[in-house]
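Secondary and tertiary structure notes
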Amino acid sequence: MKLYIIIFLFYFPAFIFAQTGTIKGKISELQGNQGIPFTSVAIEGTTIGVTSDIDGNYIFTDLEPGIYNITASFLGYKSKTITEIQVTNSKPAIIDFYLEEMSEQLNEIVVKASPFKKPAESPVSLQTIGTAEIQRNPGGNRDISKVVRALPGVTSASSFRNDLLIRGGGPSENRFYLDDIEIPNINHFATQGSSGGPNGLINVDFIREVDFFSSAFPANRGNTMSSVFNFKQKNGRDDRIGFTATLGTSDIAGTLEGPIGKKTTFLFSIRQSYLQFLFDVLELPFLPTYNDIQFKVRTRFDEKNEFYIVALGACDRFKLNLDANDTEVQRFQLNRLPVYFQWNYTIGAVYKHYTEIGRLMFVASRNMLNNNIYKHIDNDESKDRIIDYQSQESENKFRLEHKLNFAKNFTFNYGAGYEFSRYTNLTKINGSSGYSEITTKLPLHKYAIFLQASKKFFSERLVFATGVRLDGNNYNEDMLNPLNQVSPRFSVSFTILPRLTINANTGLYYQLPSYTTLGYQENDTLVNKNRLKYTRSFHVVGGIAYSTKTNTKFSIEGYYKIYDNYPFLIDDQISLANFGADFGVIGDAPISSTGKGRTYGLEVLIQQRLYKGFYGILAYTLGWSEFTDGSGEYIPSAWDSRHIINLALGKTFNIMNKSIREKRNEKKMKRNELKNNENENIYIFRRDFTPKIHNTIKKDKPKTKKIKPQKIKTLERPLITQTLDIGTNLRLQTGLPYTPFDEDKSALTDNWNRYRQGLLDYSQLNTLRLGLNYSIDLRIDYKWFFPKWSFNLYLDIQNIPGVITGTSSLILDEDVNGNPQIENFGMPNQSYKLKEIDPIPGTIIPTLGIIVQY
């Protein structure tokens, strides 16, 4: 114990009197990763600037905590701006720039950088989100899936789940990549066969930025029809070990980062929820528990070679709270809900080799999902299970990419991928109709090749890009031939004025049906094998975009998507496009690839990046989503939201005590006095308070008394500053369609005992529509920046009006003793007496939390 005290006292002065914030990084060529020396790097809105050294490294020191935009520029290269960089006293912000060489050497001209990305292959339907935007988003609660709802074309079926519905497509049509490694799902309690869940999985403290594609997908990103998310992680700090602790209303998390030797850094985080204790206090009938772990280890051997490993894993459990059974609604939920136990992980390695004109990348990864769902008779674990579902999905992936940047603005990227996957399922059902058991083991070999090229003309005012991708697998003969899944794509962008562009893209995209559909069996036979194909979607997108000098973007885009070969439920005669936004499993049924669909609409976006402390976004979407029914007629899908308006506004305030400001001015005045002093010795005080003496020529004047450094020691202490972030988010959306219950069919005792909930009347599919859905979210972040550490207190309030957004439910109509009432007893149509209850009222969700970073 004494030893710890001695160590603490020894390091405490350094802890208290540390330096202010730092931004550092490296300026490199985009083509070959070679450092660019003598590059100008400037902080926007200030006169602060530095120049990179001979190796391309740069550093800003003594910065006050806050958010900065910085721009790197060098003659002959396109300048680049990185916005909203959070600077703290606790850790350096590591920001690397990759500058693209200009096609024509313009003497003494530097092109002004834009903070908005527009790559040649995706000039439309691309939004980039920075880590500061994620962390401060009102109602987002540091969850990327909630943050993207502020963007045009994005909505969700409910406020408490992360089922992303993008441009009228279903939640199963999205793909996610973490540092070029594909991850099947980014949510806890993942819906098998889809991509949603109630809680985000990725630690936002790891994220540098997110590229969100709602169309115009690059050729190296396959198996998607609605969106691609590219998550780019930070690298661990290289100066010392750092730590971040986060304590919220529902969980606690810790992040550790730092160097391992001179060339390797690491990031590691772990999170543990305690939401089950809160739900128990609120007497809710279910108790969710989630945990996750994430890490990244990166080694940069030299300028030409780097290697990193990324891993992400989760373990989730959903138990029943049998003591919460006082009301009819509680008993209904206890009788309906099963027990969930789920775990998943993804681990992958990436090697990159840079050449003079390009980059070679090799990616290897493995991901696995284990899903166990069961329910006992009367929720008594000593009795038999009514249902016992055990399933696993595993994938082993390999991908090779080679990107070349030739002269005259011509780029070429090609590659290939191979994947071996395995799906298993053991389902045991012990119902009123008897016992049944289904066993599935499905191995699958997948393969793909792709290439993409782009060319710029007329001083880069006109940009063309084209690409193609071929996919195949050994599931059946149709899918075996990759020529049946040829995915061409084409993009064009023309700069009308320096900041005004017109852009367009068209492409054909394919997606494999889910494993639950591919592996569905009856009588030991894959019943869907000879009737399934890759789902196909044809996109046409066009728009115009204008950006200003004050980091504002105005854009209008129109889109049209045509679906073919969409999975179609044979028994219910409806498209699978209407499912996926709920817990459990979807797609495990007889299905054929006979569905069709179309979605189309218009999106308007006004986005203000951080400028003089202000930021905001206004997005409006007008859209239609329609899929065919059993008769081949197009009807609104469950995701036909029509009108979506989202307005998010915020302001960052820098706060400093007047006394501290006065001390800073006093320090400057004292230094000026010392410089003008005619004494033979001039003292320059450094941060270690050690005086450094510059000898000058002695003069025949009386010696003045030397100023002791102790007298101004307090003036050398770095400033303790504070920032206040206030943001609000207003969302308006017309109601989604829904299907009424078939009350007679639901009430049959055999049906109720098996499904334990109301059955929908699909002859009236989506004929009803919910009312207007609106919500207001508020977030306040107050940050204290102490020397070498920071403290953030935040309040995030979601759904302030508490609007009802769900549909009604059917429950058993019990007698006074709590027993179900039976009608037509002993007859073929024996039924329970049911009654309808109103949807659960919307709940205001406050989250109070703290973040400590060292």
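Located above this text is the structure these notes cover.
Now for a look at the structure at hand. Note that this is a predicted model, so its numbers are computed, not measured.

We now examine the nonpolar core. Counting residues in hydrophobic clusters, the biggest one holds 34 residues, and the most contacted among them are I129, I134, I144, V148, V210, F229 and F231. Counting residues in hydrophobic clusters, the runner-up holds 33 residues, among them I373, Y475, L512 and L765.

A contiguous nonpolar surface patch, about 820 Å² in accessible area, is contributed by Y546, F554, I606, L618, I645, L647, L649, L730, I776, I800 and I844. At three residues, strand β39 (residues 642–655) tops the list of elements feeding residues into the nonpolar patch. Here L730 is to be found in strand β42 (residues 721–733). Taking relative accessible area as the criterion, L730 reaches 34% and is therefore assigned partly exposed.

With that settled, the discussion passes to the packing of aromatic side chains. One pass over the structure, following the stated rule, counts 29 aromatic pairs. Ring geometry for Y600 versus W624: centroids 5.3 Å apart, planes at 15°, classification stacked. One end of the pair, Y600, is in strand β36 (residues 591–611); the other, W624, is in strand β37 (residues 614–628), with 24 residues separating them in the sequence. On the accessibility criterion, W624 (25% relative accessible area) is partly exposed. Clustering of aromatic rings is evident, with ring pairs tying together F189, F279, F286, F318 and Y340. Positioned above the aromatic ring of Y615 is the side chain of R136, whose terminal nitrogen or guanidinium carbon lies 3.6 Å from the ring centre. The aromatic ring of Y634 is capped on one face by R598, whose charged end is 4.1 Å from the ring centroid.

Turning our eyes to something else, we now look at the sheet that holds strand β9 (residues 126–130). Strand pairs in the sheet, formed through backbone hydrogen bonds, run parallel or antiparallel to each other. With respect to topology, five strands assemble into an open sheet ordered β9-β16-β17-β12-β13, the strand pairing being mixed. Of all strands in the sheet, those with a lone pairing partner are β9 and β13 (181–183), marking the two edges. The sheet shows a mean angle of 25° between the axes of neighbouring strands, direction not considered. Inspection of the sheet shows β9 paired to strand β16 (residues 207–213) by five bridges, in the antiparallel sense. Following the sheet pairing, G130 is matched in β16 by E209.

Quick look at empty space enclosed by the protein now. A complete count under the given rule lists ten cavities of 30 Å³ or more for this structure. Lining the second largest cavity are 25 residues, and of these E133, N137, Q607, G616 and I617 lie nearest its centre. Of all the elements in the fold, those that place two or more residues in the lining of the second largest cavity are β9, α2 (131–136), β36, β37, β39 and β42. Per element, the largest residue contribution to the lining of the second largest cavity is four residues, and it comes from β9. Tallied by class, residues from the lining of the second largest cavity come to eleven nonpolar, eight polar and six charged.

Once that is clear, we can look at unusual backbone geometry. Even without being a glycine, D180 presents a positive backbone phi close to 75°. Mapped onto the elements, D180 comes out in the loop between β12 (174–178) and β13. Notably, R756 is not glycine yet its phi reads approximately 55°, a positive angle. Of note, R756 is situated in the loop between α10 (749–755) and β44 (768–769).

Before going further, it helps to examine the sheet that holds strand β2 (residues 40–43). Taking strand neighbours across the sheet as the criterion, the four strands line up as β3-β2-β5-β6 in an open arrangement whose pairing is antiparallel. Two strands close off the open sheet at either side, each with one partner strand: β3 (49–51) and β6 (80–87). Here the average twist between neighbouring strands, direction ignored, is 25°. Judged from the four bridges that link them, β2 and strand β5 (residues 66–73) form a sheet pairing that is antiparallel.

Cut-off values and rules
Residues numbered from 1 in each chain as written. Predicted model: local features only at pLDDT ≥ 70, side-chain atom pairs only at ≥ 80, totals over all residues. Heavy atoms only, no water. Core = buried A, V, L, I, M, F, W, Y, C linked by side-chain atoms within 4.5 Å. Buried < 20%, exposed > 50% of the residue type's maximum accessible area, 1.4 Å probe, protein only. Patch = residues over 30% accessible without salt bridge, like charges linked within 9 Å, V, L, I, M, F, W, Y side chains within 5 Å. Areas by Shrake-Rupley, 256 points an atom, 1.4 Å probe, with all protein chains shown as cover. Salt bridge = Lys/Arg side-chain N within 4 Å of Asp/Glu carboxyl O. Helix = DSSP H or I, 4+ residues; strand = E, 2+ residues; numbered from the N terminus. Phe/Tyr/Trp six-rings, centres within 6.5 Å; stacked < 30°, edge-to-face > 60°. Lys NZ or Arg CZ within 6 Å of the ring centre and 35° of its normal. Pairing = 2+ DSSP bridges. Axes fitted to C-alpha atoms, helices over the stretch in contact; angles between N-to-C directions. 1 Å grid on protein atoms, 1.4 Å probe; cavity = no way out; pocket = protein on both sides within 12 Å on 5 of 7 lines; lining within 4 Å. Points joined across faces, edges and corners; volume = space filled by probe spheres on them. Nonpolar A, V, L, I, M, F, W, Y, C, P; charged D, E, K, R; others polar.

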